[in-house]
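Spelled out from the first residue to the last, the chains are:
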Amino acid sequence: METLIISGNDDNGIRIAANIIREGGLVAFPTETVYGLGASALLSGAAKKIYAAKGRPSDNPLIVHLSTPEDAEKFAYVSDTYFKLAEKFMPGPLTVILQKKDIIPFDVTGGLDTVGLRVPSNPVANKLIRYAGVPIAAPSANLSGKPSTTRASHVINDLYGRIDAIIDAGECSIGLESTIVSVEGDNSLKLLRPGGITLEQLKECGFRVSLDKAVTQKLDDSERPAAPGMKYRHYAPRASVTLFDGDYEIVKRKLYELRDVDGAAILCYYEDTELAGLKNSIVIGSRIDKQNTAHRLFALLRDIDCDSSVKDIYAALPEKDGIGLAIFNRLIKAAGYRVIKV
Ligand code: TXA
Ligand code: MG
């Protein structure tokens, strides 16, 4: 299949992409979190095409993207809590799980009677949804299991020739996927996946928030995560990932001991002066600038993948405050939960 590459500045190109979506085709598009692989959320066949292009298990539900928070009423049963969330955080990196209406086909929701709704703030995404005139079902635009894509070049690497079009609008500003919450009751939420909106921000707005176990821990085989996607190995580069947990000085010493190990790469911050200068270390950025770490993480994992000499990646287990919780969640999943206490 010939994949059309469209510039995010090309208004007519975005109209062409919108038409492809309406007619049941697949278009990768930028959002403020990561690139999405979009299809009409009203056509059941279109969702199947997404699963095929990504190589994704079809019991993993897709998030439905809307151009305004009010549109949610057409597709799901909304409540006061939804509208309070919408007022604070939409458009933006938040997905809210609600009971779906019949108009959303079951293959979009992986057979669930709930649907995740999100209103992206990226202007190109917003335009695409408006021009399409239908809600857009979109998972992250990566091959299943790989790190999510935060640049059009990543999408081209994974999906060129497998989808109809890719809209290129540069780098995604946040770099990690949206925060997913389900509404459990009045002002009461469960956090299913941490992301661009932090737990602290939700609590500051007066919501009671519980944390789904799958955010920070590996589930037993018998346990079902509230977000089906959380059970799959994810965000995984080709090289293995191992995380060290413990006192930061001791963790740094353990990482330093790997300086001459064949095939080992050490992820570190530029404040880690003993590590940052080593020939096999990779500097993510500043330890205190977590937004920047979030922004760069997936691109970095993909860059490391291009270096075939790297077989094993080692890093400190991230702190869990603010957007750190999302970084922690993505890294323990990339590591397949390989965390070593030091
Ligand atoms: O930022 C994002 O959310 C990006 C951009 C493209 O919007 N999308 C994204 O989609 O990350 P995806 O498919 O890679 O991850 C969606 C996650 C999966 O873990 C899935 O199981 C969960 O959302 N999910 C979707 N619908 C759900 C539902 N009805 N109930 C529970 N979890 C749901
Ligand atoms: Mg994904």
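The model shown is predicted, which means the values in this text are computed figures rather than measured ones. (Residues numbered from 1 in each chain as written. Chains lettered and ligands numbered in written order. Predicted model: local features only at pLDDT ≥ 70, side-chain atom pairs only at ≥ 80, totals over all residues. Heavy atoms only, no water.)

Peer 1: Describe empty space enclosed by the protein, listing the residues and the values that go with them.
Peer 2: If you roll a probe as big as a water molecule over the atoms, it shows you where there is empty space left. Tallying each qualifying case throughout the model produces two cavities of 30 Å³ or more. In this structure, the largest cavity is lined by 13 residues; those nearest its centre are L267, Y269, I284, A315 and A316. Within the residue set of the lining of the largest cavity, elements represented by two or more residues are α8 (248-256), β13 (264-269) and β15 (312-316). As a volume, the second largest cavity reaches approximately 40 Å³. Taken together, T179, L191, P194, G195, I197, T198, L199, G322, I323, L325 and A326 make up the lining of the second largest cavity. (1 Å grid on protein atoms, 1.4 Å probe; cavity = no way out; pocket = protein on both sides within 12 Å on 5 of 7 lines; lining within 4 Å. Points joined across faces, edges and corners; volume = space filled by probe spheres on them. Helix = DSSP H or I, 4+ residues; strand = E, 2+ residues; numbered from the N terminus.)

Peer 1: Could you give an account of the side chain of R118, with specific residues and numbers?
Peer 2: You can see R118 is positioned in strand β6 (residues 114-118). Not counting chain neighbours up to four residues away, the residues in contact with R118 comprise T31, E32, T33, I63, V64, H65, L66, G92, P93, L94, T95 and S178. (Contact = heavy atoms within 4.5 Å.)

Peer 1: Which residues make up the pattern of salt bridges, and what are the values?
Peer 2: With the rule as written, the count across this model stands at 18 salt bridges. Residue E32 pairs with R118 through a salt bridge whose shortest N-O separation is 2.9 Å. One end of the pair, E32, is in the loop between β2 (27-29) and β3 (36-40); the other, R118, is in strand β6, with 86 residues separating them in the sequence. With a shortest N-O distance of 3.6 Å, D305 and K146 are connected by a salt bridge. Of this pair, D305 sits in helix α10 (residues 290-305) while K146 sits in the loop between β7 (136-138) and α6 (152-159), placing them 159 residues apart in sequence. (Salt bridge = Lys/Arg side-chain N within 4 Å of Asp/Glu carboxyl O.)

Peer 1: Go over the domain arrangement of the chain, please, and point to the residues and values.
Peer 2: Often, the extent of an interface is quoted as the loss of accessible area on bringing the components together. When its domains are assigned, the chain resolves into domain 1 (4-215) and domain 2 (240-341). Each of domain 1 and domain 2 was reduced to a C-alpha centroid, and the two centroids are 28 Å apart. Facing 28 residues of domain 1, the contacting portion of domain 2 comprises 18 residues. Among the residues of domain 1 in contact with domain 2, P147, L176 and P194 are the three that bury the most area, contributing 31% of the side total. At the boundary of domain 1 and domain 2, one finds three salt bridges. Split by residue class, the side of domain 1 that touches domain 2 holds ten nonpolar, eleven polar and seven charged. (Domains from an automatic or database assignment. Buried area = accessible area lost by both parts, 1.4 Å probe. Nonpolar A, V, L, I, M, F, W, Y, C, P; charged D, E, K, R; others polar.)

Peer 1: Go over the packing of aromatic side chains with me, naming the residues and quoting the values.
Peer 2: How two aromatic rings sit relative to each other is given by the distance of their centres and the angle of their planes. The tally for this structure, following the rule as stated, stands at two aromatic pairs. Aromatic side chains Y82 and F83 sit 5.2 Å apart centroid to centroid with 70 degrees between the ring planes, which places their arrangement in the edge-to-face category. Ring geometry for F244 versus Y314: centroids 6.0 Å apart, planes at 25 degrees, classification stacked. One end of the pair, F244, is in strand β12 (residues 240-245); the other, Y314, is in strand β15, with 70 residues separating them in the sequence. When its relative accessible area of 8% is taken as the criterion, F244 is described as buried. Y314 sits in the buried class, given a relative accessible area of 16%. Looking at R15, its charged tip hangs above the ring of Y131, at a distance of 4.0 Å from the centre. (Phe/Tyr/Trp six-rings, centres within 6.5 Å; stacked < 30°, edge-to-face > 60°. Buried < 20%, exposed > 50% of the residue type's maximum accessible area, 1.4 Å probe, protein only. Lys NZ or Arg CZ within 6 Å of the ring centre and 35° of its normal.)

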